[in-house]
Amino acid sequence: SDKVEMRYVDLTKMETIHHFVEELDRDGIKPNVTILNAGVALAKARKTDSGLEEMFQVNYLANVMLTNLMIRHNLIPRICPEGIKKPRIIFVSSDSHQGSSEIDYDEFGKFINYGASKGISNYSYFKLVLNTYATELSRRINKDGIRLSINVICPGPVASNIVKEAPWLLRMTLKGIFRIVFKSPHKAARPVIYMALSPDFEGTSNEYLHMFNPKKMDPKVYEIGEGEKLWTQSMDLLKSIDADHRAFLS
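About the thresholds
- Residues numbered from 1 in each chain as written.
- Predicted model: local features only at pLDDT ≥ 70, side-chain atom pairs only at ≥ 80, totals over all residues.
- Heavy atoms only, no water.
- 1 Å grid on protein atoms, 1.4 Å probe; cavity = no way out; pocket = protein on both sides within 12 Å on 5 of 7 lines; lining within 4 Å.
- Points joined across faces, edges and corners; volume = space filled by probe spheres on them.
- Helix = DSSP H or I, 4+ residues; strand = E, 2+ residues; numbered from the N terminus.
- Nonpolar A, V, L, I, M, F, W, Y, C, P; charged D, E, K, R; others polar.
- Patch = residues over 30% accessible without salt bridge, like charges linked within 9 Å, V, L, I, M, F, W, Y side chains within 5 Å.
- Areas by Shrake-Rupley, 256 points an atom, 1.4 Å probe, with all protein chains shown as cover.
- Salt bridge = Lys/Arg side-chain N within 4 Å of Asp/Glu carboxyl O.
- Lys, Arg positive; Asp, Glu negative; His and termini not counted.
- Charge placed at Lys NZ, Arg CZ, Asp CG, Glu CD.
- Buried < 20%, exposed > 50% of the residue type's maximum accessible area, 1.4 Å probe, protein only.
- Expected span 1.5 Å × (residues − 1).
- Arc of directions from axis to C-beta.
- Contact = heavy atoms within 4.5 Å.
- Pairing = 2+ DSSP bridges.
- Axes fitted to C-alpha atoms, helices over the stretch in contact; angles between N-to-C directions.

What to know about the layout of surface pockets
Within this model, the second largest pocket holds a volume of roughly 610 Å³. Counting only elements with at least two residues in the lining of the second largest pocket, the list comes to α1 (14-26), β1 (33-36) and α2 (54-72). Take the lining of the second largest pocket: its biggest share by element is four residues, from β1. Split by residue class, the lining of the second largest pocket holds 13 nonpolar, four polar and four charged.

Here is the structure:
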């Protein structure tokens, strides 16, 4: 389709996020809807060029960097003219975040080796961290009323290729389960499209859908102190690894 345009960005490489945002700015592109769906599940720890663990960077910190840059460059406007629909940011998460452990700030941003079982639990853990960030971003942007719609969704279990790097036996077992039980990406996209376009979410923020069902996230996500601490830690970490840290929100 000539209505689809693809642009390159690699969330394991921070410089490509800058280039991506700069090109959008250069071309005057301001998305009405921004859906943050990228995620990886690794069988063992892997270090990025920034010295961070890849799951931490891709599933969490790169989303922080990208949303901050897009808002700071006014590609996602915080204030819209009267009568113009508010832009929407949607974080694609997982209901597996429910019950995950509290954010461990002693390990935050540090490269720590792990194996397959820890990798599985890390996937859920980083979704809790991401949801906490989404809640804090909404709290900061919308403190004087809803200016920007920032919501979270779990599309349900999806038969994707996310386990492609798991050990062979585990990968074959999981792929069998995926084919039988999980939804195709085509079907899983439907609740995401609903949240992106439906008037039901016009002027809303910090809402959470599990497939098509509204529900609450893990209680830890809503703790104000945790949100503030996560924001500070995340911004400090970004400033320590990114030369253009002045581009981030305060």
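Focus: a positive patch on the surface
A cluster of like positive charges, contributed by Arg72, Arg78, Lys143 and Arg147, occupies part of the molecular surface. Locating Lys143 in the fold gives a position in the loop between α3 (116-141) and β3 (149-154). Taking the relative accessible area as the measure of exposure, Lys143 reaches 66% and is therefore exposed.

Side note on helix α6 (residues 224-241)
The periodicity of an α-helix, 3.6 residues per turn, causes residues three or four positions apart to be oriented the same way. Between the first and last C-alpha of α6 there are 26 Å, a value that for 18 residues agrees with the 26 Å anticipated at 1.5 Å per step. All buried positions along α6 are accounted for by Gly227, Leu230, Trp231, Ser234, Met235, Leu237 and Leu238. One side of α6 carries all its buried residues, which in axial view fall inside an arc of 160°. Contact partners of the buried residues in α6: α1, α2 and α3.

Some points on unusual backbone geometry
The phi dihedral of Asn74 falls on the positive side, at around 65°, and the residue is not glycine. Secondary-structure assignment places Asn74 in the loop between α2 and β2 (88-92). Backbone geometry places Asn206, a non-glycine residue, at a positive phi of 60°. By the secondary structure assignment, Asn206 is in the loop between α5 (185-197) and β4 (208-210). Judged by relative accessible area, which is 22%, Asn206 ranks as partly exposed.

Focus: the pattern of salt bridges
Two side chains bearing opposite charge may form a pair once their charged atoms approach each other closely. By the definition in use, this model includes ten salt bridges. When the shortest N-O distance is used, the salt bridge between Lys215 and Asp95 registers 3.0 Å. With Lys215 in the loop between β5 (213-214) and α6 and Asp95 in the loop between β2 and α3, this residue pair connects regions lying 120 residues apart in the sequence. Relative accessible area serves as the criterion here: at 35%, Lys215 is assigned to the partly exposed category. Here Glu136 ties to Arg139 by a salt bridge, and the two come within 2.4 Å at their closest N and O atoms. Here the residue Glu136 and the residue Arg139 both occupy positions in helix α3, the gap between them amounting to three residues, near one helical turn. By sharing partners, the salt bridges in this structure join Glu5, Arg7, Arg26 and Asp27 into a single network.

With respect to the environment of Ile79
With respect to the helices and strands, Ile79 occurs in the loop between α2 and β2. Between the alpha carbons of Ile79 and Arg147 there is a distance of 5.9 Å; along the sequence they are 68 residues apart.

Considering the sheet that holds β4
Pairing is mixed in the open sheet, where five strands are placed in the order β1-β2-β3-β4-β5. Every other strand in the sheet has two partners, leaving β1 and β5 as the edge strands with one partner each. In the sheet, β1 pairs with β2 via four bridges, with the strands oriented parallel. Looking at β2, one finds that Val33 is bridged to Arg88. Sitting on the sheet, α5 touches β1, β2, β3 and β4, and the angle it makes with β2 is about 155°.

In short, geometric facts, not functional conclusions.
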